[in-house]
Amino acid sequence: MLLLENISKKFGTAQVLNNINLSVTSGSRTAIVGPSGSGKTTLLRLIAGFEIPDSGRIILHDRPLFTGGSFVPPHHRKIGFVPQEGALFPHLSVAKNIAWGLKGTSKEIEQQVHALMERVALDHSLAKRWPHEVSGGQQQRVALARALAQKPALMLLDEPFSALDAGLRNATRKATAELLTEAGVAAILVTHDQNEALSFATQIAVISQGSFAQTGRPIEVYSNPINQETALFLGDAILLPGQIRDAKAYTALGDIDVPDAPADGCHTVMLRPEQLRIEPCHARQSDAVATIMHIDFSGFFSTLTLLINASVQTITVKVVTRADFKPGILVNVLISGSAVIVN
Ligand SMILES: Nc1ncnc2c1ncn2[C@@H]1O[C@H](COP(=O)(O)OP(=O)(O)O)[C@@H](O)[C@H]1O
Ligand SMILES: [Mg+2]
């Protein structure tokens, strides 16, 4: 439905985006995730038509929005945009914010605003309030309702949940994902929060310094990151030097399968923490024995620093807290699944 082909953009001499390619299918949810300053907002603004690419093509439903020769202005693109901050007009009521840009008699507009508020689960008693008189989560839903009012085929969301606290953020994200799917509106969400990206999206694109490092289904990119930067950006990772031979990595934690090893030799391999089981040492066979050096308790989880016996290698791994874990004790380390090479 939306196609970005070789999109590049400079501000002055700074190359902010470099050869971006992306394909978004109807009704799908894409998350673009990357650190601050990596070009995420710029990319959304190019798609919305608030900025002009230096080169490349933007196609929506087989209609060119931008090619070197043609440019469709923002209000003719049928694209909704919920910006990062300052999304609402402070001098207009909630209802007037949502009605902004709607056409029809005042009765028709009132009915449409009513339906839109219902769609984003906003109570009608809020209609006459000023933006500053409703909560952060409600403000985000007003912004979403205003963008939905334009009946967009595509919704762009620029870190819309970042100002909300954790519980509300999860609930609002889930509700937003559901209502966009229900309305058949494809969405591109930009965020620097990896959990948000992984849980919201059907497709994730990791952006680093203006280029996509990797694009794919969230579970694929999480399990098979292309390099260390992507691996660490998407979650905790255990990185180990390994000698690769015949699709096996020989590491301080034992021999681990590496099905996609490109070549033998020395490489860094990655495991996700959920692949490790740490248990107080007993007679059972394990992949490795380690000593707990340090425990950082944070409630449900604790972060263990382990010295792997018979090596000088330490690893840090987040585990579900156990009272019988104490500094100095020996533990068994059991590994499930395979590792990936991340150089
Ligand atoms: N209008 C602009 N003029 C000059 N530089 C800009 C402009 N907009 C963004 N930039 C620069 O482009 C880079 C990427 O910015 P942005 O797209 O906002 O990143 P992100 O949203 O990933 O944090 C930053 O270095 C920023 O300073
Ligand atoms: Mg931004």
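S.K.: I'd like a description of the overall build of the protein, backed by residues and values.
M.R.: Helix and strand counts for the protein stand at eight helices and 21 strands. Considering only C-alpha atoms, the protein reaches an extent of 80 × 50 × 35 Å along its principal axes. Of all 343 residues assigned to the protein, the portion counted as buried reaches 48%. A fraction of 63% describes how many contacts in the protein between residues 6 or more apart in sequence connect residues 24 or more apart. Here the protein displays about 16700 Å² of accessible surface, and carbon together with sulfur accounts for 53% of that area. Charge separation in the protein, taken as the distance between the mean sites of 30 positive and 30 negative side-chain charges, equals 7 Å.

S.K.: Outline the pairing of strand β15 (residues 265-271), listing residues and values.
M.R.: Consecutive side chains of a regular strand alternate in pointing toward one face of the sheet and then the other. Of all the seven residues making up β15, five are buried; the element is thus mostly covered by neighbouring parts of the structure. Strand direction decides the pairing type here: strand β12 (residues 238-245) and β15, joined by seven bridges, are antiparallel. Opposite L240, over in β15, you have V269 as the bridge partner. Two elements, β15 and strand β21 (residues 340-341), share two bridges in a ladder whose sense is antiparallel. In the sheet register, M270 faces β21, and the bridge partner there is V340.

S.K.: Help me get a handle on the domain arrangement of the protein, residues and values and all.
M.R.: Domain assignment breaks the protein into domain 1 (2-230) and domain 2 (236-341). Domain 1 and domain 2 are separated by 39 Å when their C-alpha centres are compared. With five residues of domain 1 at the contact, the number on the domain 2 side is eight residues. Taken over both partners, the interface formed by domain 1 and domain 2 buries close to 550 Å², and the fraction arising from carbon and sulfur atoms is 45%. For the domain 1 face of the interface with domain 2, the top three residues by lost area are Y222, P225 and Q228, together amounting to 73%. Between domain 1 and domain 2 we count zero salt bridges in total. At the surface where domain 1 touches domain 2, the tally comes to two residue pairs in polar contact (both at pLDDT 80 or more).

S.K.: I'd like a description of the sheet that holds strand β4 (residues 55-60), backed by residues and values.
M.R.: Spatially, five strands are ordered β2-β1-β4-β5-β6 in an open sheet, and the strand pairing comes out antiparallel. Edge strands, defined here as strands with exactly one partner in the open sheet, are β2 (14-24) and β6 (70-71). Note that β4 and strand β5 (residues 63-67) share three bridges and pair antiparallel. Residue pairing in the sheet places I58 in a bridge with F66 of β5. On top of the sheet, helix α1 (residues 40-48) reaches β1 (2-11), β2, β4 and β5; it is set at about 120° to β1, its chief contact.

Calculation criteria
- Residues numbered from 1 in each chain as written.
- Chains lettered and ligands numbered in written order.
- Predicted model: local features only at pLDDT ≥ 70, side-chain atom pairs only at ≥ 80, totals over all residues.
- Heavy atoms only, no water.
- Helix = DSSP H or I, 4+ residues; strand = E, 2+ residues; numbered from the N terminus.
- Buried < 20%, exposed > 50% of the residue type's maximum accessible area, 1.4 Å probe, protein only.
- Contact = heavy atoms within 4.5 Å.
- Areas by Shrake-Rupley, 256 points an atom, 1.4 Å probe, with all protein chains shown as cover.
- Lys, Arg positive; Asp, Glu negative; His and termini not counted.
- Charge placed at Lys NZ, Arg CZ, Asp CG, Glu CD.
- Pairing = 2+ DSSP bridges.
- Domains from an automatic or database assignment.
- Buried area = accessible area lost by both parts, 1.4 Å probe.
- Salt bridge = Lys/Arg side-chain N within 4 Å of Asp/Glu carboxyl O.
- Polar contact = N/O pair within 3.5 Å; in protein donor to acceptor, adjacent residues only side chain to side chain.
- Axes fitted to C-alpha atoms, helices over the stretch in contact; angles between N-to-C directions.

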